[in-house]
Amino acid sequence: MATQLIFLGGPGSGKGTVASMLKNKKSYQHISTGDLLRAEIDKGSELGLKVKEIMASGALVSDDIVLQLLKDNCNLDLGRYIFDGFPRNIDQARSLDKVVLQDVKSLAIYFDIDLGILKDRLVNRRTCGDCGTIYNLVFKPPKKEGVCDKCGGTRLVHRKDDNEETVESRLKVFMSTISPIIEYYEKKGNLVKVDASGGSEDVFKKVCTIIED
Ligand code: AMP
């Protein structure tokens, strides 16, 4: 069975962008727990109502909720997956192996970047509400203001949690949780670090070299 990819990295480190490039160009399935949770909020479901405040604060949603969402939306028989935004703590890392991946081969890729630059990236981030293409108003603006280059959609969304205050909390949460996750995959011998400081094409190429297919 194909190697499953686990993307690790701070908010705004480029995981989502590279995942959607791999999805389009190399036919991976992309599963983002953040996207699944935001979809629940948009639907106005009971679950969405439960997690709305937590996400707005930048804290983590409970492990039970995200694990259930992951299980419900992931079928490894469909092919190779990229897990983006999961795991966020050591218990989630263990659950991913035990409950979802079991004995399937996986590779964790850490998007290594100076966390100090992420705040600017995030507050200027906009995502096409139709096709999910990610822009940055400073570093990678759409060619025509407010219009997606890729699909022509006109809903370039500013995520609610991409404001300065929440970004700061999200970065703090990340810094306080990432080390044991890195150690976990290092011990398993399936961690690769990628320099994620360049543009998305550059990081995409680096990731392609690592996965070699
Ligand atoms: P993301 O889209 O990955 O930046 O996630 C946005 C928010 O969703 C996070 O700040 C958390 O509140 C929540 N979230 C996403 N993935 C997880 C996860 N694996 N565990 C707990 N909370 C999560």
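Each residue is numbered by its place in its chain's sequence as written, counting from 1. Owing to the predicted nature of the model, reporting of local features is limited to residues with pLDDT of at least 70; listing and counting of side-chain atom pairs is limited to 80 or more, with chain, interface and lining totals taken over all residues. With hydrogens and water excluded, all non-hydrogen atoms of the structure serve as input to the side-chain values.

This part takes up the site of the ligand. Throughout, near means a residue has at least one heavy atom within 4 Å of the molecule or strand. Close to the ligand lie 16 residues, the nearest being Thr 33, Arg 38, Ala 59, Gly 85 and Gln 92. By the criterion applied in these results, polar contacts are pairs of N or O atoms within 3.5 Å in which, for protein atoms, one can donate a hydrogen and the other can accept it, and in which residues neighboring in sequence qualify only through two side-chain atoms. Within the side chain of Thr 33, a nitrogen or oxygen atom sits 2.8 Å from a nitrogen atom of the ligand. One nitrogen or oxygen atom from the side chain of Arg 38 is found 2.9 Å from an oxygen atom belonging to the ligand. Residue exposure ignores everything except the shown protein chains as possible cover, and the areas themselves are Shrake-Rupley values with a 1.4 Å probe. Calculation on the ligand without its partners gives an accessible area of 470 Å², and the protein chains cover 95% of this total.

Taken together, three strands build an open sheet; the order of strands is β6-β5-β7 and the sheet is antiparallel. If you trace the sheet from one side to the other, it starts and ends with β6 (134–136) and β7 (156–157), each paired once. Note: strand β5 (residues 125–128) against β7, two bridges, orientation antiparallel. Residue pairing for β7: Cys 128 is matched across the bridge by Leu 156. Strand pairing is defined by DSSP finding a minimum of two bridges between the two strands. Comment: elements are numbered from the N terminus, with helices defined as DSSP H or I runs of at least four residues and strands as E runs of at least two.

Moving on: the pattern of salt bridges. It is possible for side chains bearing opposite charge to pair when their charged atoms get close. We define a salt bridge as a side-chain nitrogen of Lys or Arg found within 4 Å of a carboxyl oxygen belonging to Asp or Glu. Scanning the entire structure with this criterion turns up 13 salt bridges. Glu 40 is the partner of Lys 43 in a salt bridge, and the nearest nitrogen-oxygen pair spans 3.0 Å. One end of the pair, Lys 43, and the other, Glu 40, are both in helix α2 (residues 33–43), three residues apart, so they sit about a helical turn from each other. With relative accessibility at 61%, the residue Lys 43 sits in the exposed group. Among the residues examined, Glu 40 registers a relative accessible area of 11% and is labelled buried. Arg 94 is the partner of Asp 91 in a salt bridge, and the nearest nitrogen-oxygen pair spans 3.7 Å. With Asp 91 and Arg 94 both in helix α5 (residues 90–101) and three residues apart, this pair spans about one turn of that helix. Since its relative accessible area comes to 44%, Asp 91 is described here as partly exposed. Each residue is placed in one exposure class: buried if its accessible area under a 1.4 Å probe, protein chains only, is under 20% of its type's maximum, exposed if it is over 50%, and partly exposed if it falls in between. The exposure class of Arg 94 is partly exposed, given its relative accessible area of 47%. Taken together, the shared-partner salt bridges connect Arg 125, Arg 159, Asp 161, Asp 162 and Arg 170 into one network.

Here we come to the nonpolar core. Definition of nonpolar core: a set of buried residues of the types Ala, Val, Leu, Ile, Met, Phe, Trp, Tyr and Cys, connected through side-chain atoms within 4.5 Å. Of all hydrophobic cores here, the largest spans 32 residues; its most connected members are Ile 6, Leu 8, Leu 37, Phe 83, Leu 96 and Tyr 185. Contributing elements (two or more residues each) for this core: β1 (4–8), α2, α3 (46–57), α4 (63–73), β3 (81–84), α5, β4 (106–112) and α7 (164–188). Per-element tally for this core: the top contributor is α7, with six residues. Residues count as neighbours in contact if any of their non-hydrogen atoms are within 4.5 Å of one another. Excluding its chain neighbours within four sequence positions, the residues that come into contact with Leu 8 are Lys 15, Pro 87, Ala 108, Ile 109, Tyr 110, Phe 111, Ile 181, Tyr 185 and Leu 191. Counting residues in hydrophobic clusters, the runner-up holds 23 residues, among them Leu 22, Leu 171, Cys 208 and Ile 211.

To continue, consider the side chain of Gln 4. By the secondary structure assignment, Gln 4 is in strand β1. Classification of Gln 4 as buried rests on a relative accessible area of 0%. Only 2.6 Å separates the side chain of Gln 4 from the backbone nitrogen of Tyr 81, close enough to count as a polar contact. Setting aside its immediate chain neighbours within four residues, Gln 4 contacts Leu 76, Gly 79, Arg 80, Tyr 81, Phe 83, Leu 101, Val 104, Lys 105, Ser 106 and Leu 107.

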